[in-house]
Every structure is written in structure tokens, then in C-alpha cells.
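In case you want the letters, here they are:
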Amino acid sequence: MLTVDYDLLDVRPGMTVLDLGCGEGRHAFEAYRRGARVVALDHGESEVSTTRQWLGAIAAAGEAPAGAAAEVVRGDLLALPVPDASVDRVIAAEVLEHIPDDAAAFAEIARVLKPGGRAAVTVPRYGPERVCWALSDTYHANEGGHVRIYRGSQVRDRLTAAGLRPTGRHHAHALHAPYWWLKCAVGVERDTAAVRLYHRFLVWDLTERPWLTRTAERLLDPVIGKSLVVYAEKPARAEDVTGAGVEADDRRLDEERAAVAG
């Protein structure tokens, strides 16, 4: 299940793609299949191990084109083991909400990007996330849990402060928001029949991708999409960081509203 739109991020063969907080590797896998040189990074040992195994399986199955490469490292997002201006694309999916010093994390993203490079940052969307926090402390108040809820303007401001130029945004995973509301309502640790049934529905949707649910999610994403995705570019010159991204956001949101209105 991808949160980032790889066409908007413009991931191409031969590019170096850094997947920060890679988890079990979902975004790294897609970049690898597209012919990129992937560096997947996470702080968790089990996540690093799982991602390395799956990337190896993709290579063994011949699913990665010639020239693609993949490396998995354990590291700290606040001190990336990557040289300055060495990365074409950065993906930071659902990780920054876990980091107390997120300004330093945004600065590291900007540091490793090449001039003209692009980043995609995804975080839980404010509205759906606020519902989860209201329903359950366990959902977020635990070791390594979510330490903040971002508004879209805050993500853009942090990107701009780090020297990046926001270029657009969208929302994703509307069908997942009610699932998490349900889990928070009944208890995050409880495996109730309703939670299991909804989870089976999400797995079915992910594997079968029927047109009805795909269309429903596309229409609902602007309203209750669980994730916010913000794209940004590192300008060739620092003075090129402007508010152009806000205008792009506004155009995108107008398109989303028009789609919902039919």
C-alpha cells in the first residue's frame, strides 16, 4: 500500500532514492522495481531485517530492472549516514510525527538532497488523527508513539524553514480512517469481530482493487483521507524558496473539491 504518488515524485531509473523510516519497506520496494538505487533506512532492527529480506526476494524474482540497486541500513533520522547533496529523492512516510526534534529531521532531509532533488513527506492528517487521539490515549501515548498532530501549513512551514520549496499536496487512504477510529473506540489492543471484519475488507481491497472501492476512496480522500502527503523541491539557489508551493496546494485542493462535488 503506497502513500506517495511516484509519478508526482518523479522517480526514474538510476536515481538515488532514500526511504526514511522505511518500516517493512513498502516504499523502498516500489522505487527498486522502478529501477532506482534505493537506500532504505530505519532505526528498528526488525524493520531493517525484514526490508532487507524482501528486497532480496524482489531481486531473486527478477522484479527489479537492470541497474537497480538496494541497500538497507540502520540509522538515525537526526544524523543520516548520507553525504550532503547526494540523493535525488527522499521519502519520509509516516515517521516525522514520531520525532520530538522534527526541525532537525527536516534539516537532514534538505541536507542530503541534491539541488533540484525532491522530497515526499507523509504524516497523519489532522482531522482523522485528532479523532483517534480523542478516542484513545493508547493509540499515540506510548514509547515511540506519535508526539504531535500536524496541520498542512505546519508541514509546509517546516519544509520551507529547512530550505525546501513546497510544490503540492494530496491526501490518501480514506478507507483506513474509519478502521482506526473503530480500533480506537473498542480499544487498540482488542481484536474484536468488527475490527477483524474491517481488516479483512482492507486486505481484500488492497489485493483485488475493485473499481467501486477505488472510486470511493478517490472521492473520499479529500474529505477523510488518513494521510497527508506534501511534496517539495530543493532549489538550485537558496533564494528560490518561495510561496509557490502554497499556490500549487490551492490548485490541487480546488481540483479535489471539484471531484467531490461531481
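What you see is a predicted model, and the numbers here were worked out from it, not measured in a lab.

Rules of the game
- Residues numbered from 1 in each chain as written.
- Predicted model: local features only at pLDDT ≥ 70, side-chain atom pairs only at ≥ 80, totals over all residues.
- Heavy atoms only, no water.
- Axes fitted to C-alpha atoms, helices over the stretch in contact; angles between N-to-C directions.
- Helix = DSSP H or I, 4+ residues; strand = E, 2+ residues; numbered from the N terminus.
- Parallel < 35°, antiparallel > 145°, perpendicular 65-115°, else oblique.
- Contact = heavy atoms within 4.5 Å.
- Nonpolar A, V, L, I, M, F, W, Y, C, P; charged D, E, K, R; others polar.
- Left-handed = near helix turned anticlockwise from the far one by under 90°.
- Buried < 20%, exposed > 50% of the residue type's maximum accessible area, 1.4 Å probe, protein only.
- Pairing = 2+ DSSP bridges.
- pLDDT = per-residue confidence, 0-100.
- Phe/Tyr/Trp six-rings, centres within 6.5 Å; stacked < 30°, edge-to-face > 60°.
- Core = buried A, V, L, I, M, F, W, Y, C linked by side-chain atoms within 4.5 Å.

Draft legend 1. Region of interest: the packing of helix α5 (residues 126-135) against helix α7 (residues 176-186). Where α5 contacts α7, the two axes come as close as 8 Å, and the packing angle between them is 10 degrees. With respect to α7, the axis of α5 lies roughly parallel. Residue-level contacts link Pro128, Val131, Cys132 and Leu135 of α5 to Ala177, Trp180, Trp181, Cys184 and Ala185 of α7. For the contact of α5 with α7, a count of residues per class yields nine nonpolar, no polar and no charged.

Draft legend 2. Structural context of the packing of α7 against helix α8 (residues 193-208). In the contact formed by α7 and α8, the axes pass within 10 Å of each other and the chain directions differ by 165 degrees. Looking at the two axes, α7 sits roughly antiparallel to α8. At the point where α7 passes α8, the crossing takes the left-handed sense. Mapping the contact onto sequence places His176, Pro178, Tyr179, Leu182, Lys183 and Val186 in α7 and Ala194, Val195, Tyr198, His199 and Leu202 in α8.

Draft legend 3. Layout of helix α2 (residues 26-33). Most of α2 is tucked away, with six of its eight residues classed as buried. Buried within α2 are the following residues: His27, Ala28, Phe29, Glu30, Ala31 and Tyr32. In this fold, the buried residues of α2 make contact with α1 (6-9), β1 (16-20), β2 (37-42), α3 (45-60), β3 (69-74) and β4 (87-93). Trailing α2 by a residue or two, Gly35 shows a phi angle of about 90 degrees, which is positive.

Draft legend 4. Local environment of the sheet that holds β4. Read across the open sheet, the seven strands follow the order β3-β2-β1-β4-β5-β7-β6; overall the sheet is mixed. The open sheet has two edge strands with one neighbour each: β3 and β6 (165-172). When strand polarity is set aside, the average angle formed by the axes of neighbouring strands in this sheet is 15 degrees. Alignment of strand β5 (residues 113-124) against strand β7 (residues 227-233), held across seven bridges, turns out to be antiparallel. Each residue of the ladder has a partner; that of Val123, found in β7, is Leu228. The strands touched by helix α6 (residues 152-161) within the sheet are β5, β6 and β7, with β7 carrying the most contacts at an inclination of about 25 degrees.

Draft legend 5. The arrangement of the confidence of the model for the protein in detail. Overall, the predicted model of the protein reaches an average pLDDT of 92, with 90% of residues at or above 70. Note on residues 243-262: pLDDT under 50 across the span, and 24 contacts to partners over four residues away in sequence or across chains.

Draft legend 6. Expanded view of the packing of aromatic side chains. Under the defined criterion, the tally for this structure stands at five aromatic pairs. Relative to Trp180, the ring of Tyr139 lies with its centre 5.8 Å away and its plane at 65 degrees, an arrangement referred to as edge-to-face. Here Tyr139 is found in the loop between α5 and α6, whereas its partner Trp180 is found in helix α7, with 41 residues between them in sequence. In this structure Tyr139 comes out as buried when scored by relative accessible area, which is 12%. Relative to Trp204, the ring of Phe201 lies with its centre 6.1 Å away and its plane at 35 degrees, an arrangement referred to as tilted. Within this pair, Phe201 and its partner Trp204 are both found in helix α8, separated by three residues, close to a single helical turn.

Draft legend 7. Spotlight on the nonpolar core. Residues Leu18, Leu20, Val90 and Leu96 are the most contacted members of the largest nonpolar core, which totals 30 residues. Broken down by secondary-structure element, the contributors of at least two residues to this core are β1, β2, β4, α4 (102-112), β5, α6 and β7. Broken down by element, the residue count for this core peaks at five residues, all from α4. When neighbours within four sequence positions are excluded, Leu20 is seen to be in contact with Leu41, Leu77, Leu80, Val90, Ile91, Ala92, Ala93, Val95 and Ile109. Counting residues in hydrophobic clusters, the runner-up holds 23 residues, among them Leu9, Ala31, Ile58 and Ile91.

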